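Structural characterization, general
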Amino acid sequence: MRAISTIVAVAALASFPLWLRDPYLLNALITTGIFIIGAMSLNLLLGFTGQLSLGHIAFFGIGAYVSALTSLGFDVGLPGDFRLVHAPWPPIAGFVLAVVVAGLCGYFVGLLSFRVRGAYFVIVTISFAEVVRLVALNWVELTQGPLALTNIPSIALPLPGFGEFTLRTKMHNYYLVLVVALIAYLLIARLVHSHFGRAMRGLMENETLAISVGIDVTRTLTIAAVISAAIAGAAGSLYAHYIRIIDPEVFAFINTVTMVIMVISGGKGSLAGPVVGGLIFGLLPVALRPVMAPEAQWIAYGGVLIAILFLLPRGIVPSLTQRLGRRLGRTSARAPVALTETAAKEPA
Amino acid sequence: MSEFLQHLVNMLVLGGTYALLGIGLTLIFGIMNVVNFTHGVLYTFGAYVMFMVVQQLGLNFFLALPVAVLAGWLLGAAIELTLLRPLRGSDIDTTMLVMIGAWIAMQSGTLWIWGGVAKAVATPFPEAPLVLGPVSVSWLRLFVLIAAALLILVTYLLINRTSLGRAMRATFQDHDTASLMGVNVDMIYTSTFAIGSSLAAAAGALLGPVYVIFPQMGDLAAVKAFAIVILGGLGNITGAVIGGFILALAEELGAGYVSSGYRDAMGFLIIIAVLIFRPTGLFARAERVG
Amino acid sequence: MTRALGLVSTITLAVALAGAAAQAQTIKIGVNEPLTGAFAASGTYVVNGAKIAADEINAKGGILGKKIELVIEDNKSNPTEAAAVAEKLITSDKVPVLMGAWGSSLTLAVMPKLMEYETPMVVETSSSGKITTTGNPFIFRISPPSAIEAAAFKGIVDKLALKKVDFLVINNDWGRGTAEDFSKMMKEKGIAVGLVETMDQGAQDMSAQLSKIKGSDSETVIVTTAVDQLTLIFKQAAALGLKKRIITTGGSQNPDQIIAQAGAAANGTMHLTTFLPWFPEKTPNPEATNYFVSEWKKRGFDFAGCTESFRGYDGIRTVAAAIEKAGKAEPAAIKAAFWDIKVKGLNGDIVFRKSGPEGKESGQSQPNVYLIEINDGKIEMKTL
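Not measured: the values here are computed from a predicted model.

For the structure on display, the rule yields eight cavities of 30 Å³ or more. Empty space within the second largest cavity amounts to approximately 150 Å³. What lines the second largest cavity is a set of 15 residues, among which Tyr18, Tyr211, Leu220 and Lys224 of chain B together with Gln204 of chain C lie closest to the centre. Those elements that provide at least two residues to the lining of the second largest cavity are helix H1 (2-32) and helix H9 (217-232) of chain B.

Here we come to the interface of chain A and chain B. Taken together, the contact between chain A and chain B spans 38 residues of the former and 42 residues of the latter. Summing both partners gives a buried area of about 3700 Å² for chain A against chain B, and 81% of it is carried by carbon and sulfur. On the chain A side of the contact with chain B, Arg115, Tyr120 and Ile123 of chain A bury the most area, a combined 18% of that side's loss. Counting across the chain A and chain B interface gives zero salt bridges. At the boundary of chain A and chain B, one finds zero residue pairs in polar contact (both at pLDDT 80 or more).

Take the interface of chain B and chain C next. Of the residues lining the interface, 33 residues belong to chain B; the matching set on chain C comes to 37 residues. Together, the buried faces of chain B and chain C total about 2600 Å²; carbon and sulfur atoms form 51% of this surface. Applying the counting criterion to the chain B and chain C interface returns one salt bridge. For Asp205 of chain C, the salt bridge is made with Arg141 of chain B, and the minimal N-O distance between the two is 3.5 Å. Seen at the junction of chain B and chain C, the total is seven residue pairs in polar contact (both at pLDDT 80 or more). Looking at the side of chain B that touches chain C element by element, the count peaks at five residues for H1 of chain B. In terms of residue class, the side of chain B that touches chain C is made up of 16 nonpolar, ten polar and seven charged.

A word on helix H8 (residues 195-205) of chain A. When H8 of chain A is considered as a whole, its buried residues turn out to be Phe196, Gly197, Ala199, Met200, Arg201, Gly202 and Leu203 of chain A. Here H8 of chain A starts with a cap whose side-chain oxygen sits 3.1 Å from the backbone nitrogen of Phe196 of chain A, and that cap is Ser194 of chain A.

Right, let's talk about the sheet that holds strand S1 (residues 26-33) of chain C for a bit. Residues and elements named next belong to chain C. The strand order S2-S1-S3-S4-S5-S14-S13 describes an open sheet built from seven strands, whose pairing is mixed. Unpaired on one side and paired on the other, strand S2 (67-74) and strand S13 (353-355) mark the two borders of the sheet. On average, each strand axis in the sheet is inclined to that of its neighbour by 25°, with strand direction left out of account. The sheet contacts of helix H4 (residues 104-117) involve S1, strand S3 (98-100), strand S4 (121-123) and strand S5 (139-141), and relative to S4 the element is tilted by about 160°.

All chains considered together, the criterion is met by 30 salt bridges over all chains. Taking the shortest distance from any N to any O, the salt bridge between Arg289 of chain A and Glu81 of chain C comes out at 2.4 Å. Residue Arg289 of chain A is located in the loop between helix H12 (273-288) and helix H13 (294-311), and its partner Glu81 of chain C is located in helix H3 (residues 79-92); the two belong to separate chains. Across the salt bridge formed by Lys382 of chain C and Glu373 of chain C, the nearest N and O atoms sit 2.9 Å from each other. Judged by relative accessible area, which is 26%, Lys382 of chain C ranks as partly exposed. Residues joined by salt bridges that share partners form a network here, namely Arg289 of chain A together with Glu73, Lys76, Glu81, Lys88 and Asp93 of chain C.

Let us look at the sheet that holds strand S10 (residues 270-273) of chain C. Residue and element names in this part refer to chain C. Taken in spatial order, the seven strands line up as S7-S6-S8-S9-S10-S15-S16 in an open sheet, and their pairing is mixed. Each end of this open sheet is capped by a strand with a single partner; those strands are strand S7 (192-199) and strand S16 (378-381). The average angle at which neighbouring strand axes cross in this sheet is 25°, direction not considered. Strand direction decides the pairing type here: strand S8 (residues 220-224) and strand S9 (residues 245-249), joined by five bridges, are parallel. Residue Val221 lies in a different strand from S9, and its bridge partner there is Ile246. Along the sheet, helix H9 (residues 227-240) makes contact with strand S6 (164-170), S7, S8, S9 and S10, crossing S9 at roughly 175°.

To continue, consider unusual backbone geometry. All names here are of chain C. Cis geometry marks the peptide bond from Gly100 to Ala101, where omega comes out at -10°. Among the secondary structure elements, Ala101 is positioned in the loop between S3 and H4. With phi around 50°, Asp376 is a residue other than glycine that occupies positive phi space. Along the chain, Asp376 turns up in the loop between strand S15 (370-375) and S16.

Cut-off values and rules
Residues numbered from 1 in each chain as written. Chains lettered and ligands numbered in written order. Predicted model: local features only at pLDDT ≥ 70, side-chain atom pairs only at ≥ 80, totals over all residues. Heavy atoms only, no water. 1 Å grid on protein atoms, 1.4 Å probe; cavity = no way out; pocket = protein on both sides within 12 Å on 5 of 7 lines; lining within 4 Å. Points joined across faces, edges and corners; volume = space filled by probe spheres on them. Helix = DSSP H or I, 4+ residues; strand = E, 2+ residues; numbered from the N terminus. Contact = heavy atoms within 4.5 Å. Buried area = accessible area lost by both parts, 1.4 Å probe. Salt bridge = Lys/Arg side-chain N within 4 Å of Asp/Glu carboxyl O. Polar contact = N/O pair within 3.5 Å; in protein donor to acceptor, adjacent residues only side chain to side chain. Nonpolar A, V, L, I, M, F, W, Y, C, P; charged D, E, K, R; others polar. Buried < 20%, exposed > 50% of the residue type's maximum accessible area, 1.4 Å probe, protein only. Pairing = 2+ DSSP bridges. Axes fitted to C-alpha atoms, helices over the stretch in contact; angles between N-to-C directions.

Structural data, given as structure tokens:
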């Protein structure tokens, strides 16, 4: 049942560029799709390990900058009279590097942040994102600071034997984003359904109990952070090569908020949640634009968010699945977490 | 040396208002475990109330201050009753997101009502600063420091010498036991949120005339409030006061001697440093969670 | 029954045709400005100035026999939105030309879309050098980048007898660009450059930076930022007892607002502006200035905003002139026409000169720059 609905959904999404001719809507779908990838990665931390990270845009932005700088080249002075010079590389290399560097950052942030929990964790993640923004803003020699990195090249796929295929049109970019989103989705799904996934959920349900059955909390959280950051970095890279200009404003808190809204309204802890939440809140501004004054649009946006949280507190997807399940006479779709099972499979 | 003294004086004046912001948030965060994203909006609201009352209604500046504090109290209570109480028992992220929604809506509402052009509030103080040797400080800022100190004292007394305060502290220590002992937890929550909000509004009302008033002014203030809460430890008022001064000092010295571009980063750097070396804050008595 | 149906369908058809005909009767101009977010105040000023121009043109019969219609969209002070808005204006609303996008990073985000759809845009406020030097032939800018402002200031610098200056600039491309271009110019003139302090875009307390400057040995401070921060800087400088000469640059000063909000702290400060709404007779086009200022006041807008809104006014008039010259409302023709027009702008002649790499030059016009001084709460032309 689930597989069929997923295939139908993917097919529907894939068909859009073929009949949806309005470039404005396609553009909105592409940027929304990029943020949905970011939201899915956030969901891994937020929904499956229960860690409320509000600095997620840092990984997205780091991915964007790494990818842009790799494909534009740079020349910076380092302490000690060294100059680090880099010649431009193909954008696809930028994409790969973005994933790697963002993942690494996820590792280090994970190490530091997971010494604390709850409210403290929230704040340290916000701080991390702000510090990264300020570095991007002030290290002008490397990042161009507020002068922005411009003329970032579009991604070109190297096709052995055929040369390069540059993804210039909207349709190309749409499919690129869709493919990356699918890969991210499948990766996260595999992870969640593996026994690593059970470890994550075990520790989310009851951390003390999880420790007592032998789950290595720090290792689990750190791995989750690395993968989450890496996927966010990938999204950032796509963003840089699509919008083709990056400035420190990409780290603005509002972008993290956008992803958080997508995850929580869609249903954290559900795989499809960020996608549904993302489509709704990514496209809501587009829908509101022609009907309301600019300030009113924002008020409505906040209002819709509050309304969804009141009416469907677990998020759209879990609430609807529950209702649908009841209608069809099925019990809750979510299997209980069996910690003893996990312990038996985890090495001591 | 004189430059250093000037930085110190700047720090004292700023620290008082930061402390007010921090106390408000640490109470809400500590007692209710709510990541209160509307704190910055309350700060902005307090400033706009001052503008309305002094500039548009023509009321006396000193009378306008209690009006702003009261308005903040009322708005805070309204938010708690309409948005937080119905969601009592939900996770921290749901309430956080509701606070974010309220923040977005209220900030845009501010833009709608008053427009984006910055406003100023006339004050009864002389423009020329008080000069003490190499150091200058404006009379307005001195007043702000004194007013902030008074409010901090009043809050401290409220929390530590009244039965309401005792009930709040009990709820902070153990919400279930307090409820069993007859504390009306619902009322405590509303009061806490209202008090915290009124303190934020007070900070805005005091600082609005010092700076200028515009819809996004609360965003930076909110972030600094979070930094102070971390520094001082969740729920710890004394910690928040000291944290406020430490943040102000770090900002002044950081901007003065390290790099002015990173001034507002000081708060964040402090947070990260504290959380690496002393996760519970410099003064917290409560245990680390997890 | 069939008769009623027939009547209804005829009326519907007629209305639809009339609607379509009415549509075809207007020439659309896209306006991409921040109406919410951090730059809401400025974007709103520019849009209101633009509306004055549109109404004036329509009152005189429009262009090419049709009325002009401003299609105004909010870019939310966000580069991603700015690009999306440009896309909507060009592809959905089918505008043949745009004006926008206020801030430099917003304009930079729009530029790839202009290349993609080959549609020209008049840049009315942005000051980043990159906008006209990265090879985008669809950009036509009427506001001065800091290099031009510095060049204009060169002439005045000698008369002010500057010896050593400090800079206090907003930490974005505008502030940093100014510090760079003005420093270069000063050094060429043998003037020493001391501290270069920055302040974050949202910062409200500059006491630390000002304390530092107070202790330095320069006699002049050059400040580049917008009106809100300028008000704060003057108040805080006065509170600190800073006694240096202050000169502001950049054209976003709105001096009336500064006087209203900073009071005596603003006295003695000088400002490099690009418009003189207080002295219409000193502007290159006194008639137009008088009309604009009186119309602005008539609509009940804040007078302080004139120094920003005039750009919206001039921007639309420039677009209109190009459309008129092109003879048709088509992007390629309008783009070519921009090079041939000369408009008597409110702050100088608007004539586009080539700027940037060969073969894909952008257009840059050179507006006048004036030095004013605030004394006793009043604005005066600085006579040197």
